[in-house]
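Each chain is listed here by its residues.
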Amino acid sequence: MYKNITVEYTEEYPTLCYGLWIITIDDTVVECEGEMNTEKEYSRWDIGDNGEEIWEEYYDGIPIDNWVYNPPDNLIEPLQKADIKITQDLLVKLYPLINQYDFRGKSCGGCI
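Keep in mind that this is a model prediction, so the values were computed, not measured. (Residues numbered from 1 in each chain as written. Predicted model: local features only at pLDDT ≥ 70, side-chain atom pairs only at ≥ 80, totals over all residues. Heavy atoms only, no water.)

## Concerning the environment of Asp73
Now for step 1: Locating Asp73 in the fold gives a position in helix α2 (residues 73-81).
Now for step 2: Considered as a pair, Asp73 and Cys32 are 41 residues apart in the sequence and their alpha carbons are 9.8 Å apart. (Helix = DSSP H or I, 4+ residues; strand = E, 2+ residues; numbered from the N terminus.)

What follows is the structure, given as structure tokens:
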């Protein structure tokens, strides 16, 4: 159905949390915000009791087989507003494109 699909994320370290998803589906551009909850290894940081930085790697998110049936509202709502027909085929194509940029809060350490 859709031939050209691209996904970009506008931010990098040190302000990863403040970016926008720019999703282009054929000639329609859609902007979204926030985490997309795709499955992969993430990292996070925290400040320990003695003021030291603590970094942790962890695996989180929803696998594609489940995500396509329950994609995040922050993706679905902008797609619907843009009159994009949301199909499983579209979601299967979007998942790996989104996954390469997906993030979690505190994942880049820019706010340390």
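So that's the structure; there's more coming.
## Digging into the pairing of strand β4 (residues 40-47)
Now for step 1: As defined by bridge partners, β4 adjoins strand β5 (residues 53-60) across eight bridges and the pair is classed as antiparallel. Paired with Ile47 across the bridge in β5 is Glu53.
Now for step 2: In this antiparallel pair of consecutive strands, β4 and β5, the connection spans five residues, and Gly51 shows a positive phi of 85 degrees. (Pairing = 2+ DSSP bridges.)

## So, the side chain of Thr38
Now for step 1: The residue Thr38 is located in the loop between β3 (28-32) and β4 in this model.
Now for step 2: Once residues lying within four places of it in the same chain are set aside, the contact partners of Thr38 are Asp60, Gly61, Ile62, Trp67, Tyr95, Ile98, Asn99, Asp102 and Arg104. (Contact = heavy atoms within 4.5 Å.)

## So, the sheet that holds strand β1 (residues 5-9)
Now for step 1: Taken together, three strands build an open sheet; the order of strands is β1-β2-β3 and the sheet is antiparallel. With partners counted over all chains shown, the strands left at the sheet margins are β1 and β3, one partner each. Across this sheet, the average inter-strand angle for adjacent strands is 15 degrees, counted without regard to direction.
Now for step 2: Note that strand β2 (residues 21-25) and β3 share five bridges and pair antiparallel. Looking at β3, one finds that Ile22 is bridged to Glu31.
Now for step 3: Packing of α2 onto the sheet brings it into contact with β2 and β3, and relative to β3 it is tilted by some 145 degrees.
Now for step 4: Packing of helix α3 (residues 88-99) onto the sheet brings it into contact with β1 and β2, and relative to β1 it is tilted by some 35 degrees. (Axes fitted to C-alpha atoms, helices over the stretch in contact; angles between N-to-C directions.)

## Thoughts on α2
In an α-helix there are 3.6 residues to a turn, and that puts residues three or four apart on one side.
Now for step 1: All buried positions along α2 are accounted for by Leu75, Ile76, Pro78 and Leu79.
Now for step 2: Immediately downstream of α2, the backbone of Asp83 shows phi near 60 degrees, a positive value. (Buried < 20%, exposed > 50% of the residue type's maximum accessible area, 1.4 Å probe, protein only.)

## Here we look at the nonpolar core
Now for step 1: Of all hydrophobic cores here, the largest spans 22 residues; its most connected members are Trp21, Ile23, Ile25, Leu75, Leu94 and Ile98.
Now for step 2: Apart from the residues lying within four places of it in its own chain, the contact partners of Ile25 are Tyr2, Asn4, Ile5, Leu79, Ile84 and Leu90. (Core = buried A, V, L, I, M, F, W, Y, C linked by side-chain atoms within 4.5 Å.)

## Considerations on the packing of aromatic side chains
Now for step 1: Throughout the structure, instances matching the rule amount to four aromatic pairs.
Now for step 2: Their ring planes at 40 degrees and their centres at 5.3 Å tell us that Tyr9 and Phe103 sit as a pair that is tilted. In this pair, Tyr9 is assigned in strand β1 and Phe103 in the segment after α3, connecting sequence segments 94 residues apart.
Now for step 3: Judged by relative accessible area, which is 9%, Tyr9 ranks as buried.
Now for step 4: Since its relative accessible area comes to 4%, Phe103 is described here as buried.
Now for step 5: Note that Arg44 overlies the ring of Tyr58, its terminal NZ or CZ placed 4.0 Å from the centroid.
Now for step 6: Here the guanidinium or amino end of Arg104 rests over the ring plane of Tyr42, the centre of that ring lying 4.1 Å away. (Phe/Tyr/Trp six-rings, centres within 6.5 Å; stacked < 30°, edge-to-face > 60°. Lys NZ or Arg CZ within 6 Å of the ring centre and 35° of its normal.)

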